[in-house]
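# Structural overview
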Amino acid sequence: MSFLVAGNWKMHGLSDQLGELVAIAQYARTAAGTNDVLICVPATLIARAVAVSGGYLAIGGEDCAVEAAGAFTGDISAEMLKDAGADAVIVGHSERRRHHHETDAVVAEKAAAAGRAGLAAIICIGETQVQRDAGTALQDCAAQLEASLPADRRLLAGSAIAYEPLWAIGTGRTPNAQDVTEIHRHLRQLLTRLMGKDGDRIRILYGGSITPADVRTILILPEVGGVLVGGASLRAQDFNGIIRAAETVNLANVETEMSVPTPVPAHSRTTP
Ligand code: PEP
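Small disclaimer: the values here were computed from a predicted structure and weren't measured.

The subject of this paragraph is the site of the ligand. Taken together, 14 residues form the shell around the ligand, and within it Lys10, Glu164, Gly170, Ser209 and Gly230 come nearest. In the environment of the ligand, an oxygen atom lies 2.7 Å from a nitrogen or oxygen atom belonging to the side chain of Glu164. Counted by class, the shell around the ligand contains 4 nonpolar, 8 polar and 2 charged residues.

Turning our attention to the packing of helix H1 (residues 18–30) against helix H2 (residues 46–53). Put simply, H1 and H2 touch, their axes get as near as 9 Å, and they point 35 degrees apart. In the crossing of H1 with H2, the sense of the turn from one axis to the other is right-handed. Of the residues in H2, those in contact with Leu18, Leu21, Val22 and Ala25 of H1 are Arg48, Ala49, Val52 and Ser53.

The next point concerns H2. Residues of H2 that are buried include every one of Ile46, Ala49 and Ser53, and no others. With its buried residues spanning 60 degrees around the axis, H2 presents them on a single face. At its buried positions, H2 is contacted by H1, strand S3 (58–61) and helix H3 (78–83). Positive backbone phi, approximately 60 degrees, marks Gly54, located one or two places after H2.

Looking now at the pairing of S3. Pairing of strand S2 (residues 36–40) with S3, which is carried by 3 bridges, proceeds in the parallel orientation. By the bridge assignment for S3, Cys40 is matched with Gly60. On the question of chirality, the crossover connecting S2 to the parallel S3 by way of H2 is right-handed. As paired strands, S3 and strand S4 (residues 88–91) are joined by 2 bridges and run parallel to one another.

Here we take up the pairing of S4. Side chains Ala88 and Ile90 project from S4 onto one buried face, and the interleaved Val89 and Val91 project onto a second face that is buried too. Assessed by its sense of winding, the connection that carries the chain from S3 through H3 to S4 is right-handed. Where S4 and strand S5 (residues 120–125) come together, 4 bridges link them in parallel fashion. Residue pairing across strands places Val91 opposite Ile123, the latter belonging to S5.

Moving on to the confidence of the model for the chain. Taken as a whole, the chain shows an average pLDDT of 93; of its residues, 94% reach a score of 70 or greater. Under a pLDDT of 50 for its full length, residues 264–272 has, in the predicted model, 1 contact with residues more than four places off or in other chains.

With that settled, the discussion passes to the environment of Ala31. For Ala31, the position within the fold is in the loop between H1 and S2. Separated by 142 residues in sequence, Ala31 and Arg173 have C-alpha atoms that sit 29 Å apart.

Now for the packing of helix H5 (residues 104–116) against helix H7 (residues 137–148). Put simply, H5 and H7 touch, their axes get as near as 7 Å, and they point 50 degrees apart. Overall, the two elements H5 and H7 adopt an arrangement that is oblique. Where H5 approaches H7, its residues Asp104, Ala105, Val107, Ala108 and Ala111 are matched on the opposing element by Gln144, Ala147 and Ser148. Of the residues belonging to the contact of H5 with H7, the class tally is 5 nonpolar, 2 polar and 1 charged.

Let's shift gears to the pattern of salt bridges. Tallied over the entire structure, the rule returns 14 salt bridges. Note that Asp36 and Arg203 form a salt bridge whose closest N and O atoms lie 2.7 Å from each other. Residue Asp36 is located in strand S2, and its partner Arg203 is located in strand S7 (residues 203–207); the two are separated by 167 residues in the primary sequence. Put simply, Asp152 and Arg154 hold a salt bridge, and the shortest N to O gap is 3.0 Å. Accessibility expressed as a relative area gives 71% for Arg154, which makes it exposed. Three or more residues joined by partner-sharing salt bridges are found here, namely Asp63, Arg96, Glu102 and Lys110.

Scoring rules and cut-offs
Starting from 1, residues in each chain are numbered consecutively following that chain's sequence as written. Residue-level local features of this predicted model are given only where pLDDT is at least 70; pairs of side-chain atoms are given and counted only at 80 or more, and the full residue set underlies all totals for whole chains, interfaces and linings. Processing note: side-chain calculations cover all non-hydrogen atoms of the structure and skip hydrogens and water entirely. A single heavy atom is enough: if one lies within 4 Å of a molecule or strand, its residue is considered near that molecule or strand. Polar contacts here mean pairs of N or O atoms no more than 3.5 Å apart (in protein, one a potential hydrogen donor and the other a potential acceptor; neighbouring residues in sequence count only if both atoms are side-chain atoms). Polarity classes work like this: nonpolar for Ala, Val, Leu, Ile, Met, Phe, Trp, Tyr, Cys and Pro, charged for Asp, Glu, Lys and Arg, and polar for all others, with Gly in that last group. The angle between two axes is taken between their N-to-C directions and runs from 0 to 180 degrees, where each axis is a line fitted to C-alpha atoms and a helix contributes only its stretch in contact. We count a stretch as a helix when DSSP gives it H or I for four or more residues in a row; a strand needs E for two or more, and each element gets its number in order from the N terminus. Two helices crossing with the near one rotated counterclockwise from the far one by less than a right angle form a left-handed crossing, whereas a clockwise rotation gives a right-handed crossing. Whether two residues are in contact is decided by their heavy atoms: any pair within 4.5 Å suffices. Only protein chains enter the calculation, and the probe is 1.4 Å; a residue is then buried if its accessible area is under 20% of its type maximum, exposed if over 50%, and partly exposed in between. Within this analysis, the arc is defined by the directions that extend from the helix axis to the C-beta atoms. Pairing between two strands is assigned when DSSP locates at least 2 bridges connecting them. Handedness is read with the strands pointing away from the viewer; a crossover is right-handed when the path from the first strand over the helix to the second is clockwise. For every residue, the predictor reports its confidence as pLDDT, a number between 0 and 100. An angle below 35 degrees is read as roughly parallel, one above 145 as roughly antiparallel, one from 65 to 115 as roughly perpendicular, and any other as oblique. Only one rule defines a salt bridge in this text: a Lys or Arg side-chain nitrogen within 4 Å of an Asp or Glu carboxyl oxygen.

Given below as structure tokens:
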């Protein structure tokens, strides 16, 4: 499976920030193109981001309302993001959960709203430092994910999960390879149990202090389907380094798959 390399600009970006997006789009155009690249930007920039990206990147929003329309001053619906040209939207980012008191149930409704509008949802989950220290991260993340999925699983087509340990976001700290592997495997098992084969197709991204220097060590881990990048997505030089690393890992994976000899069926083997 190819990777999804996604950026989250958070509440950063005036018009002049679009220059970085142009540089990322130019790089994505010349890269091998074996992975998907998405940048989620503030709603005020979506239409212009779509225009300057020239179709070489997908553009997403960072949140959407539960409702499609109505008397909700200041809110932006998934339909509005779609109408502005977005392909995807982040839901349940820990900063929304923390600052806007979004519960798992609200996140599930937002993911459903995204699906109904034809947007891919990037559903974020992750444990706190307290949960990590208590040794309950695995169970906490699984419970959070299950409660953050829409009841109608068909609305998840094309969506992804982002595992983002809260203590790793914007801190420069990252979990070790064993911890990432353990959580991603556990989440995959959960998705498969809940959704069968459709659950196998949902990418599980890692997010939290990713840089061009360390992204490779994360992407080579089992069940890691890409990355969600905050700070390092604001500078084209850094984000392009991350795209480049993902291309390298993906191409190496493809070569390994091609070099595995195809087993000869038992019935056609000649006995010496
Ligand atoms: C994020 O905000 O989703 C994130 C992963 O941020 P950072 O890469 O800056 O830790």
